[in-house]
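Each chain is listed here by its residues.
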Amino acid sequence: MLFRSFSTLGWPDDTHDLRTFYPGSIMETGYDIIFFWVARMVMLGIQLAGDAPFHTVYLSGLIRDPEGQKMSKTKGNVVDPLGVIEETGADALRFALIHGATPGLDQRFGQAKLDNARNFANKLWNATRFVLGARPEGIDPAAARREPDPARLGPAERWIRSRVAAIVAGVDRALADLNLGEVTRLLYDGIWNEFCDWGLELAKVRLADSSLSAEDRAATWWTLVEALDTFLRLLHPVMPFVTEELWGAIPHAPADPELLIVADWPVPAARDGALEARVEQLVELVRGIRNARSEARVEPALWLPVHVALPDPLGRRRPLFHRAGLQPFCAYAVKWRNIGRCENTQSARSASNEHDADRWPGDANTAGRQPGPHAPLPHRRGQGQIRAGLSGLRA
């Protein structure tokens, strides 16, 4: 930072650039060179420019090899970043270095972290493909992005919006604390475990429900676009190449710029904590049944009835799914998970609540598949200029 200021900002002349960009704010470095590098930069900046070049030093841990040893050319355990970029992409490398990192603590770096980061990029890529491919027929492909009508949203869509608002607020707090590892954890869990695993699957119910009006299905789709837009903005500082490419393919608001790098940062919206808790009941129910099937070694293709017994006084009031406001899609979520028929039981007595399996559109989940060259994005406008960070997705 110091030498860049002296070599590019016009020092020793009193230039506009020097007054604007010097001193800086944060210096990121490893703890092992505090005196060899950081202290000397501070002293030299004060001596030559009259002020320290930064006010905060962010100490990252050392990047060690998978066995925990310090990387050294002599040992031959170094990682060539250019080779990694060629194999998995620059975005995967950036994400792998940040995800799971704790300030001041060393981390082990190996192929497993790179594979996980590349798979995350693929997950995001395929989720975007699904959203673009699920556009209802009544929406013009060139239509500008608009806010979904709250009056036409179901519980799943309102849950998606609430969870996105929570993630935006969490990312803001993590960035303010310089906790970059927490930023990637929030986005990883929010995109993969919530948006892809549950949000998209629950939204498929309304998108495929012919009994709903076109306006209702459109509101569901615009909710997915809105959530995807927010996630791409939040993830852009960590994975700039793939997010720029994907953002160029989704609908934009009229006031949006041409490139994501200069787009506005998301603002946290209001959350619905009560709704989040009710949807979490459904999520935990499905997870519990899936775990029970796995522990009993039940074949995935085998369909079995499911009885849900509610303890008093809960069972005496209203069925679980009516309490949660989730009865329109609970059985579909259960069927998609290959769990079987969902029957609601009160006071240990079964009351069948079957839904027609033919109404479920099938396992159209593409959010976990590898895209490869055969799965391009259905672009709305020309991009194709950003390739260096996408090699891992093209391989």
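Report follows, based on the coordinates.

Criteria and thresholds
Residues numbered from 1 in each chain as written. Predicted model: local features only at pLDDT ≥ 70, side-chain atom pairs only at ≥ 80, totals over all residues. Heavy atoms only, no water. Helix = DSSP H or I, 4+ residues; strand = E, 2+ residues; numbered from the N terminus. Buried < 20%, exposed > 50% of the residue type's maximum accessible area, 1.4 Å probe, protein only. Contact = heavy atoms within 4.5 Å. Areas by Shrake-Rupley, 256 points an atom, 1.4 Å probe, with all protein chains shown as cover. Pairing = 2+ DSSP bridges. Right-handed = clockwise from strand over helix to strand, strands pointing away. 1 Å grid on protein atoms, 1.4 Å probe; cavity = no way out; pocket = protein on both sides within 12 Å on 5 of 7 lines; lining within 4 Å. Points joined across faces, edges and corners; volume = space filled by probe spheres on them. Nonpolar A, V, L, I, M, F, W, Y, C, P; charged D, E, K, R; others polar. Core = buried A, V, L, I, M, F, W, Y, C linked by side-chain atoms within 4.5 Å. Salt bridge = Lys/Arg side-chain N within 4 Å of Asp/Glu carboxyl O. Phe/Tyr/Trp six-rings, centres within 6.5 Å; stacked < 30°, edge-to-face > 60°. Axes fitted to C-alpha atoms, helices over the stretch in contact; angles between N-to-C directions. Patch = residues over 30% accessible without salt bridge, like charges linked within 9 Å, V, L, I, M, F, W, Y side chains within 5 Å.

## Looking at the overall build of the protein
In step 1: The secondary structure content of the protein amounts to 15 helices and 7 strands.
In step 2: Within the protein, buried positions represent 45% of all 395 residues.
In step 3: For the protein, restricting intrachain contacts to residue pairs at least 6 apart in sequence, the fraction spanning at least 24 positions comes to 75%.
In step 4: A total accessible area of about 20,000 Å² is found for the protein, and carbon and sulfur atoms account for 54% of it.

## Here's the deal with the pairing of strand β2 (residues 56-60)
In step 1: As paired strands, strand β1 (residues 26-30) and β2 are joined by 5 bridges and run parallel to one another. Following the sheet pairing, Gly30 is matched in β2 by Ser60.
In step 2: Read from β1 through helix α3 (residues 34-49) to β2, the crossover connection turns out right-handed.

## Describing the layout of surface pockets
In step 1: The space that makes up the largest pocket amounts to roughly 470 Å³.
In step 2: For the largest pocket, the lining is made up of 23 residues, of which Glu147, Arg161, Glu226, Thr230 and Ala269 are closest to its centre.
In step 3: For the lining of the largest pocket, the secondary-structure elements that each account for two or more residues are α7 (155-176) and α9 (214-235).
In step 4: Residue classes in the lining of the largest pocket are distributed as 10 nonpolar, 2 polar and 11 charged.
In step 5: What the second largest pocket holds in volume is close to 240 Å³.
In step 6: Along its surface, the second largest pocket is lined by 13 residues, and Glu28, Ser60, Leu97, Ala101 and Gln107 are the ones closest to its centre.

## Quick look at the nonpolar core
In step 1: Core analysis: the biggest nonpolar cluster contains 64 residues, and Val131, Phe195 and Leu235 have the highest contact counts within it.
In step 2: Contributions of two or more residues to this core are made by α5 (90-98), α6 (111-133), α7, α8 (180-207), α9, α10 (240-247) and α11 (273-295).
In step 3: Ranked by the residues each element gives to this core, the list is headed by α8, at 12 residues.
In step 4: Setting aside residues no more than four positions away along its own chain, Val131 makes contact with Phe195, Leu200, Trp221, Leu224, Val225 and Leu228.

## Here we look at the pattern of salt bridges
In step 1: The final tally for this structure, using the stated rule, is 22 salt bridges.
In step 2: Arg185 is the partner of Glu182 in a salt bridge, and the nearest nitrogen-oxygen pair spans 2.7 Å. Residue Glu182 and its partner Arg185 are both found in helix α8; the two are separated by 3 residues, about one turn of the helix.
In step 3: When its relative accessible area of 26% is taken as the criterion, Glu182 is described as partly exposed.
In step 4: Residue Arg185 is classed as partly exposed on the basis of its relative accessible area, which comes to 35%.

## Thoughts on the side chain of Thr230
In step 1: With respect to the helices and strands, the residue Thr230 is situated in helix α9.
In step 2: By relative accessible area, which is 12% here, Thr230 ends up buried.
In step 3: If we skip the residues at most four places from it in the chain, Thr230 touches Val164, Val168 and Pro266.

## Quick notes on the packing of aromatic side chains
In step 1: Counted under the stated rule, the structure contains 6 aromatic pairs.
In step 2: A connected cluster of aromatic rings, assembled from ring pairs, spans Phe95, Phe120, Tyr188 and Trp192.

## Quick look at the packing of helix α4 (residues 81-88) against α5
In step 1: Contact geometry for α4 and α5: axes closest at 7 Å, N-to-C directions at 115°. On α5, the residues touching Pro81, Val84, Ile85 and Thr88 of α4 are Ala90, Ala92 and Leu93.
In step 2: Taken together, the residues of the contact of α4 with α5 break down into 6 nonpolar, 1 polar and no charged.

## Description of α10
In step 1: Across the 8 residues that make up α10, a large majority, 7, are buried.
In step 2: For α10, the set of buried residues is Pro240, Val242, Thr243, Glu244, Glu245, Leu246 and Trp247.

## Examining a nonpolar patch on the surface
In step 1: Together, Phe35, Phe36 and Trp37 line one region of the surface with nonpolar side chains, adding up to about 360 Å² of accessible area.
In step 2: Residue placement: Phe36 occurs in helix α3.
In step 3: The class of Phe36 is exposed, set by a relative accessible area of 56%.

## Examining the environment of Asp115
In step 1: One can find Asp115 in helix α6.
In step 2: Overall, the relative accessible area of 25% leaves Asp115 in the partly exposed class.
In step 3: With 23 residues separating them in the primary sequence, Asp115 and Ala92 have C-alpha atoms 7.9 Å apart.

## A short note on the side chain of Glu226
In step 1: Here Glu226 lies in helix α9.
In step 2: Here Glu226 is in contact with Arg145, Glu147, Pro148 and Arg161, once residues within four sequence places are set aside.

## As for empty space enclosed by the protein
In step 1: A complete count under the given rule lists 3 cavities of 30 Å³ or more for this structure.
In step 2: If you go around the largest cavity, the residues you meet are Trp159, Ile160, Arg163, Val164, Ile167, Gly190, Glu194, Phe195 and Phe231.
In step 3: At the level of secondary structure, the elements contributing two or more residues to the lining of the largest cavity comprise α7 and α8.
In step 4: It is α7 that provides the largest number of residues to the lining of the largest cavity, a total of 5 residues.
In step 5: Looking at the lining of the largest cavity residue by residue, the classes come out as 6 nonpolar, 1 polar and 2 charged.

## Brief notes about the environment of Met71
In step 1: Among the structural elements, Met71 can be located in the loop between β3 (63-64) and α4.
In step 2: Exposure remark for Met71: the relative accessible area of 22% places this residue in the partly exposed category.
In step 3: Remark: the alpha-carbon pair of Met71 and Phe109, spanning 38 residues in sequence, is separated by 9.9 Å.

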